[in-house]
Amino acid sequence: MGGEGICEIMPSSTDEKLKFLFFRFDIMKKDRERQFFGLYKDRGVADLCVQALIAKYDLDIFMKENQGFDDEVKTILYKEAHKAIDENATIMDVDFDALFDEIEANLHEVAGDKKQRDDYCIELLSAFGSGSLFNSTYMPVALVRKQRNPEVELSDEDKITLKKFQVCQRLYISRNGESLPHGKVEDCYMVLYRLLQKYAKGLDWILLKNRVDIYTIQDDCNIYIKDDQERKNRDPFDYIEFTGSEKIAQNYITDLYNQARIPEELNNDKAKGIFRKAILANLCDENYTWKESIQLLAYFAERMSGFLKLTYKMNQNGTTQTNWKPFETLFEYKGKKQGVNKLKNAKQNWMKNNCKFEPTGYEKIDTLFE
């Protein structure tokens, strides 16, 4: 495009802009994505392998779903799986570097439009949804629900899915050092299982690098390929093959955590400009840890609330009220008890002995808004 930026080529009218954005979304390169996702689609090679293994090992009987399959049906299912394996042998030799380069390029295409970006991220998981028989043996929604709340009452369908997952895990994944069953279909199932693990790990890194949380996307679409139990304790060492350094990985994790903490009211350019000044003035750090007194933080919140016009409610004396909640959330000053350590309470305590709310060091705060 001869060095043109997106702003220079973006059409002017709203309708034309929408058409332009959809055009950009449609022309993204997805050849490698489609090939990889095709392995796990409904009636794809992954599903056919699972179906053949359920029949071969009479897993339906273990799960009490039915009386199992007769030998003729088992033979048919096994032949179908063998044929699919042969047809997809080349595709299963996945070039993950090329696949992830394609995904990252597509993410950059939609980076300026949150709705388009989120839709694309969901698309990156959709092949592994409830229509995938393979996913019921990999990371079914029922498993996530049970992990989050062991006391939750599952539906009959979820109970069957969870039982199928547990049986397949025992047979193929977690045999406590015992040798796994071998065979063309068994080995292919393990290859597909490990390919999806590698995809999940790489996708997590790409999204993290682009300030997108894979766990939030999973919750949004109810499709899980990354262990939900890892979401609260991301280990920077898990990303070292991508970053070469735990410190770099930790910086990305911290950035994502801080971004998730920023309330919507403070997640804008005007607010970020003030925060940058506050960090440079050593009033807080990049993790939004306040370094001065709680009274001075209350003064900062009051000034910032007015600066951003976070509320139009008025006090009895005619002054504009302060919206305290976003600042209590961001700086984690909620307190364990009602009214304790809260910013509004800090101001009230100051005003018991003073006529004006000008806590020690208030001039530092005023400078931020000049």
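Predicted, not measured: the structure shown is a model, and the values here were computed from it.

K.L.:
Please explain helix α14 (residues 246–261) as it appears in this structure.
P.N.:
In an α-helix, one turn spans 3.6 residues, which is why side chains three or four residues apart end up on the same side. Between the first and last C-alpha of α14 there are 22 Å, a value that for 16 residues agrees with the 22 Å anticipated at 1.5 Å per step. Those residues of α14 that fall on the buried side of the exposure criterion are A249, I253, L256, N258 and R261. Those residues of α14 that are buried are in contact with α11 (184–209), α13 (240–243) and α17 (325–330). The backbone nitrogen of K247 lies 3.2 Å from a side-chain oxygen of the residue at the head of α14, namely S245.

K.L.:
Looking at this structure, how should I read the environment of Q348?
P.N.:
With respect to the element layout, Q348 can be found in helix α18 (residues 343–351). Note on Q348: relative accessible area 41%, which makes it partly exposed. In this structure, the C-alpha to C-alpha distance between Q348 and Q295, residues 53 residues apart in sequence, is 9.4 Å.

K.L.:
Is there a simple way to think about the layout of surface pockets in this case?
P.N.:
A probe as big as a water molecule, rolled over the atoms, marks out the empty space that is left. Of the volumes computed, that of the largest pocket is approximately 1,200 Å³. Residue lining of the largest pocket: 35 residues in total, with D255, L256, N258, Q259 and A260 positioned closest to the centre. Secondary-structure elements contributing two or more residues to the lining of the largest pocket are α8 (114–123), α12 (214–221), α14 and α15 (269–280). Ranked by residue count, the leading element in the lining of the largest pocket is α14, at 10 residues. Grouping the constituent residues of the lining of the largest pocket by class yields 11 nonpolar, 9 polar and 15 charged. Estimates place the volume of the second largest pocket at around 430 Å³. S130, V141, E157, D158 and T161 are, among the 21 residues lining the second largest pocket, the residues nearest its centre. When residues of the lining of the second largest pocket are traced back to their parent elements, those giving at least two are α9 (141–148) and α10 (156–173). Per-element tally for the lining of the second largest pocket: the top contributor is α10, with 5 residues. Of the residues that constitute the lining of the second largest pocket, the class distribution is 10 nonpolar, 7 polar and 4 charged.

Parameters at a glance
Per chain, the residues get numbers from 1 upward, laid out in the order the sequence is written. Only residues with pLDDT of 70 or above have their local features reported here, since the model is predicted, and side-chain atom pairs are shown and tallied only from 80 upward, although totals for entire chains, interfaces and linings are computed over all residues. With hydrogens and water set aside, each side-chain value is computed from the structure's full complement of heavy atoms. Numbering of helices and strands runs from the N terminus; a helix is a DSSP stretch of H or I covering at least four residues, while a strand is a stretch of E covering at least two. Between the first and last residue of a helix there are one fewer steps than residues, each counted as 1.5 Å, and that sum is the expected span. Only protein chains enter the area calculation, which uses a 1.4 Å probe; residues under 20% of their type maximum are buried, those over 50% are exposed, and those in between are partly exposed. Residue contacts are defined here by distance: any two heavy atoms, one from each residue, within 4.5 Å place the two residues in contact. Counting of polar contacts relies on pairs of N or O atoms within 3.5 Å, with two restrictions inside protein: one atom must be capable of donating a hydrogen and the other of accepting it, and residues adjacent in sequence are counted only when both atoms are side-chain atoms. In the cavity and pocket records, a cavity denotes points on a 1 Å grid over the protein atoms alone where a 1.4 Å probe fits but cannot get out, a pocket denotes an open set with protein on both sides within 12 Å along at least 5 of 7 lines, and lining residues are residues with an atom within 4 Å of a point. Grid points are joined across faces, edges and corners, and a volume is the space filled by probe spheres set on the points. Note on residue categories: nonpolar means Ala, Val, Leu, Ile, Met, Phe, Trp, Tyr, Cys or Pro, charged means Asp, Glu, Lys or Arg, and polar means any other residue, Gly included.

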